[in-house]
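# Architecture and fold: a report
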Amino acid sequence: MPGGDFHPWFFIVIAAWVLTCGLGVVLFKKVMYSAVSMVFCFLGVAFAYALLNAPLVAVVQILVYVGAISIVIIFAIMLTEVQDGRFELFFNRQTAAAGVLALAAAAVLAIVSISADIGPVGDKALTPSLKMLSRLLFDRYVFPFELVSLVLVAAMIGAIVLAHREEERP
Amino acid sequence: MNPLDWWLLLAILLFCIGAFGVLARRNVIVVVMSLEIMLNAVNIALVAIANFRGGSPGAGTLFSLFIIVLAAAEVTIGLAIVIANYRNRRTVQTDTYDELKG
């Protein structure tokens, strides 16, 4: 079972929580139910990060995903009108093929990842401190860091341009 | 199975759930949500491998942080496109996005 400082039951509960909420996102017919399920899924993933000795990622996950991305998605749901009705309105024609493909991909990936020789697996690695991470971010990974800021600026401008409605000129 | 395998199994299952959502759902917003779930699954795998393998400490954490930032940018742009398209077409169903179909 998963090693570490915690009882294996923690892993089982978190895994069941994340997978159940993930299935909820995919299977709920009402889009708003999917969104709420997604928020709980992201919270469960944050707990998974905390169990994996990555408290910084857990906090950023809650801030960005649970805080920001969920709000954006819920706004998008409220701004668009969703049709209610039959099964065909929620799932498209390739649903059966998609299910088979997803199951097959899961089986292949699981077999490969379990049988692959990925070298020694320590029971517990050292947790990188916040100081170490910030030093890495501004020293070794400074180029990707700047690129990400460029991407964020581009995304911001792009979102404004796309969502801005042109005023009718008299 | 070693401890890492259990976490990787969780990541794989979550990834495939998200992939099913992307392939099977008709509402574009649900497709975007499923994409986010796939990105989260990849992040779980990254953080788990960074935790259980020595390697270069901190790299896994930073990579997952970069992925979170890029996911935020992606969802902003994606939903802006969905809203802009909804304004013209009054629909969010994926199969009505067929203007480029020959």
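Bringing the overall build of chain A into the picture now. Broken down by element type, chain A carries six helices and zero strands. Start at the N end of chain A and walk to the C end: the helices and strands fall as α-α-α-α-α-α. Counting over 170 residues, chain A shows a buried share of 24%. Pairs at least 24 apart in sequence give 49% of the contacts found in chain A among residues at least 6 apart.

This paragraph deals with the overall build of chain B. Counting its regular elements, chain B contains three helices and zero strands. Order of helices (α) and strands (β) in chain B, N terminus to C terminus: α-α-α. Projecting the C-alpha coordinates of chain B onto the three principal axes gives extents of approximately 50 × 25 × 20 Å. Across the 102 residues in chain B, those meeting the buried criterion constitute 52%. When contacts within chain B are restricted to residue pairs at least 6 apart in sequence, long-range pairs at least 24 apart make up 55% of them.

Orientation of helix α1 (residues 8–27) of chain A relative to helix α2 (residues 28–52) of chain B, taken along the N-to-C sense of each, is 155°, at an axis distance of 9 Å. Taken together, the axis directions place α1 of chain A and α2 of chain B in an arrangement best described as roughly antiparallel. Every pair of crossing elements has a handedness; the one defined by α1 of chain A and α2 of chain B is left-handed. In this structure, α1 of chain A contributes G22, V25 and V26 of chain A to the contact, and α2 of chain B contributes M33, S34 and I37 of chain B. A breakdown of the residues in the contact of α1 of chain A with α2 of chain B according to their chemical character gives four nonpolar, two polar and no charged.

This part is about the interface of chain A and chain B. Contacts between chain A and chain B engage 74 residues on the former and 64 residues on the latter. At the level of elements, α1, α2 (31–51), α3 (55–79), α4 (95–115), α5 (130–139) and α6 (142–163) of chain A are the ones that each hand at least two residues to the side of chain A that touches chain B. A breakdown of the residues in the side of chain A that touches chain B according to their chemical character gives 59 nonpolar, 14 polar and one charged.

Looking now at the environment of A106 of chain A. With respect to the helices and strands, A106 of chain A occurs in helix α4. Since 19 C-beta atoms lie within 10 Å of it, A106 of chain A is described here as partly exposed. Setting aside anything within four residues of it in sequence, one finds A106 of chain A in contact with I12, L13 and C16 of chain B.

Another point: the environment of V82 of chain B. Positionally, V82 of chain B belongs in helix α3 (residues 59–89). Overall, the presence of 22 C-beta atoms within 10 Å leaves V82 of chain B in the buried class. A C-alpha to C-alpha distance of 7.0 Å links V82 of chain B and V92 of chain B, two positions ten residues apart in sequence. In this structure, V82 of chain B is in contact with A76 and T80 of chain A together with V28, I29 and V92 of chain B, ignoring residues within four places of it in sequence.

Residues I73 of chain A together with A11, L14, I29, I44 and A48 of chain B are the most contacted members of the largest nonpolar core, which totals 68 residues. Mapped by element, the contributors of at least two residues to this core are α1, α2, α3 and α6 of chain A together with α1 (3–24), α2 and α3 of chain B. The element contributing the most residues to this core is α2 of chain B, with 15 residues.

As a further point, take unusual backbone geometry. Residue and element names in this part refer to chain A. Even without glycine at this site, N53 takes up a positive phi of about 60°. Note that N53 resides in the loop between α2 and α3. A tally of 20 C-beta atoms within 10 Å means that N53 is categorised as buried.

Time to look at the confidence of the model for chain B. With 97% of its residues at a pLDDT of at least 70, chain B reaches an overall mean of 88. Reported for the predicted complex are a pTM of 0.89 and an ipTM of 0.91.

Let us look at the packing of α6 of chain A against α3 of chain B. Packing of α6 of chain A against α3 of chain B leaves a shortest axis separation of 9 Å and a crossing angle of 15°. Overall, the two elements α6 of chain A and α3 of chain B adopt an arrangement that is roughly parallel. Crossing of α6 of chain A over α3 of chain B shows left-handed handedness. Side by side, α6 of chain A and α3 of chain B meet where P144, V148, V151, L152, A155, G158, A159, L162 and A163 of chain A of the first sit next to F66, V69, L70, A73, T76, I77, A80, I81, I83 and A84 of chain B of the second. For the contact of α6 of chain A with α3 of chain B, the residue count by class is 17 nonpolar, two polar and no charged.

This part is about the environment of H7 of chain A. By secondary structure assignment, the location of H7 of chain A is in the segment before α1. Note: C-alpha distance between H7 of chain A and V108 of chain A (101 residues apart in sequence) is 29 Å.

Cut-off values and rules
Residues numbered from 1 in each chain as written. Chains lettered and ligands numbered in written order. Predicted model: local features only at pLDDT ≥ 70, side-chain atom pairs only at ≥ 80, totals over all residues. Helix = DSSP H or I, 4+ residues; strand = E, 2+ residues; numbered from the N terminus. Buried ≥ 20, exposed ≤ 12 C-beta atoms within 10 Å, placed from the backbone. Contact = placed C-beta atoms within 7 Å. Axes fitted to C-alpha atoms, helices over the stretch in contact; angles between N-to-C directions. Parallel < 35°, antiparallel > 145°, perpendicular 65-115°, else oblique. Left-handed = near helix turned anticlockwise from the far one by under 90°. Nonpolar A, V, L, I, M, F, W, Y, C, P; charged D, E, K, R; others polar. Core = buried A, V, L, I, M, F, W, Y, C linked by C-beta atoms within 7 Å. pLDDT = per-residue confidence, 0-100.

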